[in-house]
Amino acid sequence: DAMVIQNPRYQVTQFGKPVTLSCSQTLNHNVMYWYQQKSSQAPKLLFHYYDKDFNNEADTPDNFQSRRPNTSFCFLDIRSPGLGDAAMYLCATSDRDREEDEQFFGPGTRLTVL
Amino acid sequence: SQQGEEDPQALSIQEGENATMNCSYKTSINNLQWYRQNSGRGLVHLILIRSNEREKHSGRLRVTLDTSKKSSSLLITASRAADTASYFCATFNTGGFKTIFGAGTRLFVKA
């Protein structure tokens, strides 16, 4: 089945220690998104890739970076995690050619910062 | 900034009852979507309604859209315990090609 996969599902890191979260998709969608979601809040868009074009949200901290080496994979790098970065990180994909932006989400990675 | 505002924030009902959740938004949209999220999981797309549509059905789901009031509602009929989840509305505008999620309604269906 076509899907969005996130690894790991749970990630524990130490304050200030770089961490990378990964996302892969078999949908062949041209857009991949990274969202941050804190408890009982809406998902907050950090950035997205449309093909190779990177689009950063204005309020996304510089501490957050992303890489998309190919269509299938996208990575979220947190260079120096702080306690406030503990959250669920959701990856999603969509097909921009459809112009409706129905998004397909992975199961998320829950990040704990000690 | 957050586009969608949902109410209620939480809703508790008995199995078999209907659940209605509302969403209001601020700017013009091309479509409005509803997503479901089970605890600790990713979001699942439920239904999409375009700005030129007023009502849409999918199984036990009924969505309405009133663009003059900038509001939408999601009705789940004959609810089941398995419907317990958070429900998010999300608005999409091709101008910015951006989907913005509301804060969500947490639905509890008691068996």
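Here goes a summary of the coordinates provided.

### Structural notes on the interface of chain A and chain B
Contact residues are listed per partner, giving 21 residues for chain A and 22 residues for chain B. A combined buried area of about 1700 Å² lies between chain A and chain B, and 52% of that area is made up of carbon and sulfur atoms. On the chain A side of the contact with chain B, E100, D101 and F105 of chain A bury the most area, a combined 28% of that side's loss. Taken together, the links from chain A to chain B amount to 0 salt bridges. At the boundary of chain A and chain B, one finds 5 residue pairs in polar contact (both at pLDDT 80 or more). Among the secondary structure elements, those contributing two or more residues to the side of chain A that touches chain B are β4 (31-37) and β9 (87-94) of chain A. Residues of the side of chain A that touches chain B, tallied by class, amount to 8 nonpolar, 5 polar and 8 charged.

### Here's the deal with the sheet that holds strand β7 (residues 64-67) of chain A
Residue and element names in this part refer to chain A. Read from one edge of the open sheet, 4 strands run β1-β3-β8-β7, paired in antiparallel fashion. Each end of this open sheet is capped by a strand with a single partner; those strands are β1 (4-7) and β7. Taken over all neighbouring pairs, the strand axes of this sheet differ in orientation by 20 degrees on average, direction set aside.

### Here we look at the side chain of T64 of chain B
Residue and element names in this part refer to chain B. Note that T64 resides in strand β7 (residues 61-66). With a relative accessible area of 19%, T64 lands in the buried category. Within the structure, the side chain of T64 is placed 2.6 Å from the side chain of S73, a separation counted as a polar contact.

### Some words on the nonpolar core
Residue and element names in this part refer to chain B. Counting residues in each nonpolar core, the largest one holds 21 residues, and the members touching the most others are M21, L32, W34, L74, I76, Y87 and L107. Looking at this core, the elements with two or more residues in it are β2 (10-14), β3 (19-24), β4 (31-37), β5 (43-50), β7, β8 (71-76), β9 (85-93) and β11 (105-110). Residues within four places of Y87 in sequence aside, it is in contact with E6, M21, Y35, R36, L46, L74, I76, G104, T105 and L107.

### Concerning the packing of aromatic side chains
One pass over the structure, following the stated rule, counts 10 aromatic pairs over all chains. When the ring of Y35 of chain A is compared with that of F101 of chain B, the centres are 5.5 Å apart and the planes differ by 90 degrees; the resulting orientation is edge-to-face. Taken as a pair, Y35 of chain A in strand β4 and F101 of chain B in strand β10 (residues 98-101) lie in two separate chains rather than in one. There is no split in this pair, since Y35 of chain A and F101 of chain B are both buried. Within the aromatic cluster, the residues linked to one another by ring pairs are Y33, Y35 and F105 of chain A together with Y35 and F101 of chain B. Above the ring of Y50 of chain A, the side-chain terminus of R96 of chain A is found at 4.5 Å from the ring centroid.

### Structural notes on the side chain of Q33 of chain B
Residues and elements named next belong to chain B. Following the sequence through the fold, Q33 ends up in strand β4. Among the polar contacts listed, one links the side chain of Q33 to the side chain of Y35, at a separation of 2.7 Å. Here H45 takes part through its side chain, which lies 3.3 Å from a polar atom of the side chain of Q33.

### Thoughts on the environment of T20 of chain A
Residue and element names in this part refer to chain A. Secondary-structure assignment places T20 in strand β3 (residues 19-25). Separated by 29 residues in the primary sequence, T20 and Y49 place their C-alpha atoms 17 Å from one another. Here T20 is in contact with R67, F75, L76 and D77, once residues within four sequence places are set aside. Here the side chain of T20 touches D77 through a polar contact of 2.6 Å, side chain to side chain.

### Structural notes on the pattern of salt bridges
Residues and elements named next belong to chain B. The full count for this structure, using the stated rule, is 7 salt bridges over all chains. For E53, the salt bridge goes to K56, with nearest N and O atoms at 3.9 Å. In the salt-bridge network here, residues are joined through shared partners; they are R36, R60 and D83.

So, how was this worked out
Residues numbered from 1 in each chain as written. Chains lettered and ligands numbered in written order. Predicted model: local features only at pLDDT ≥ 70, side-chain atom pairs only at ≥ 80, totals over all residues. Heavy atoms only, no water. Contact = heavy atoms within 4.5 Å. Buried area = accessible area lost by both parts, 1.4 Å probe. Salt bridge = Lys/Arg side-chain N within 4 Å of Asp/Glu carboxyl O. Polar contact = N/O pair within 3.5 Å; in protein donor to acceptor, adjacent residues only side chain to side chain. Helix = DSSP H or I, 4+ residues; strand = E, 2+ residues; numbered from the N terminus. Nonpolar A, V, L, I, M, F, W, Y, C, P; charged D, E, K, R; others polar. Pairing = 2+ DSSP bridges. Axes fitted to C-alpha atoms, helices over the stretch in contact; angles between N-to-C directions. Buried < 20%, exposed > 50% of the residue type's maximum accessible area, 1.4 Å probe, protein only. Core = buried A, V, L, I, M, F, W, Y, C linked by side-chain atoms within 4.5 Å. Phe/Tyr/Trp six-rings, centres within 6.5 Å; stacked < 30°, edge-to-face > 60°. Lys NZ or Arg CZ within 6 Å of the ring centre and 35° of its normal.

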